[in-house]
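Next come the chains, spelled out residue by residue.
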Amino acid sequence: MSKRVRKAVLPVAGLGTRVLPGAKTTPKEMLNIFDRPILSYIVEEGRAAGIEHFVFVTGRGKGAIEDYFDHHPELESQLEAKGKTEILAEVLRDLARPGEMSFVRQMAPLGLGHAVWCARDIVGAEPFAVILPDMLMAAETPALAQAVAAHDQVGGNIIVVEPVPQGEAHKYGIVALDGRDGRLNRMTGMVEKPAPGTEPSNLFISGRYVLQPEIFEILETQPRGAGGEIQLTDAMATLMGRQDFHALEYEGTTYDCGDKIGLLRANVAFALRRPDVAEAARAAIRALL
Ligand code: UTP
């Protein structure tokens, strides 16, 4: 029986250059999708998967993240005094539960692998999840819960994947599989940003992982890879020599909020998914078209 996944690492130290200038003073993970910051959806997804502790790997200029999950006494008492109880309830819903969140600084954005390594002491010697917060996933069973269920089933390391849009494989980490039967398949390899035409499958690593703690030992000495960054994909490829990896083709839709058009798509899609505003959103979009 594999150990339970209780902790999630959320790397949020990147510079967000693809969504500048918006991400200059607002961390890109705090940009709004309809009426809530991206991280509000991400923490909700983590809680739904049974995550009890969120480890944010932050950097300079990302203080708004920590503040968002803490009390804002003036705001809360104003809302209370004015009887705005519904809005108050929404604000309070996102607060951290006592002891639920830790924040560690990456100090220099050396890459995703390095960001994950910065969380090693807080995670300790247990399996953990990694959630890339700029990938928002809309799914009936939240994406991370699907990954945790797969981990309960087969143990080892689980990587959530999905079909890559035509011609875009060179932008992502791509997996190689030992045959394909159903949605959960054993992996034989992976490569970060393959040269066009060399990708080993059409499945890309889309931003949810369950990893074993041995990944930290590998990351400690992981040399820089694609883009001059310390890549999580390279460290996982090494760990695959010693441990099982399965790719899970999850059921749901992904929105890449690290990209301007992806952010726009997510705003539209998440407004349309909300029963209370869907009709007004549809009317507003139709009028624009
Ligand atoms: P991205 O490559 O999408 O983020 O990394 P980025 O570097 O902010 O984006 P651009 O290319 O400049 O627009 C995926 C996730 O990993 C985090 C990012 O914050 C993002 O959530 N990350 C990336 C770190 O925390 N540290 C890093 O060194 C790199």
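Residues numbered from 1 in each chain as written. Predicted model: local features only at pLDDT ≥ 70, side-chain atom pairs only at ≥ 80, totals over all residues. Heavy atoms only, no water.

1. Comments concerning the site of the ligand
In the vicinity of the ligand, 18 residues are found, and the nearest of them are Gly16, Thr17, Arg18, Gln106 and Gly111. Between the ligand and proline 11, the relevant distance is 2.9 Å, taken from an oxygen atom to a main-chain nitrogen or oxygen of the residue. Burial of the ligand by the protein amounts to 85% of the accessible area it has alone, namely 570 Å². In the shell around the ligand, the residues fall into 9 nonpolar, 5 polar and 4 charged. (Near = heavy atom within 4 Å. Polar contact = N/O pair within 3.5 Å; in protein donor to acceptor, adjacent residues only side chain to side chain. Areas by Shrake-Rupley, 256 points an atom, 1.4 Å probe, with all protein chains shown as cover. Nonpolar A, V, L, I, M, F, W, Y, C, P; charged D, E, K, R; others polar.)

2. Concerning helix α7 (residues 143-154)
In this model, α7 (12 residues) spans 17 Å end to end at C-alpha, consistent with the 16 Å of a helix rising 1.5 Å per residue. Directly beyond the C-terminal end of α7, a positive phi value near 70° is found at glycine 155. (Helix = DSSP H or I, 4+ residues; strand = E, 2+ residues; numbered from the N terminus. Expected span 1.5 Å × (residues − 1).)

3. Describing the layout of surface pockets
Of the pockets and cavities examined, the largest pocket occupies roughly 1300 Å³. Along its surface, the largest pocket is lined by 47 residues, and Arg18, Lys28, Leu132, Asp134 and Lys193 are the ones closest to its centre. Those elements that provide at least two residues to the lining of the largest pocket are α5 (112-117), β11 (203-211), α9 (232-239), β13 (253-256) and α10 (260-273). For the lining of the largest pocket, the element with the most residues is β11, which contributes 5 residues. For the second largest pocket, the calculated volume is near 370 Å³. What lines the second largest pocket is a set of 17 residues, and nearest its centre among them are Arg36, Tyr41, Glu44, Phe270 and Arg273. (1 Å grid on protein atoms, 1.4 Å probe; cavity = no way out; pocket = protein on both sides within 12 Å on 5 of 7 lines; lining within 4 Å. Points joined across faces, edges and corners; volume = space filled by probe spheres on them.)

What is shown is where atoms sit, not what they do.
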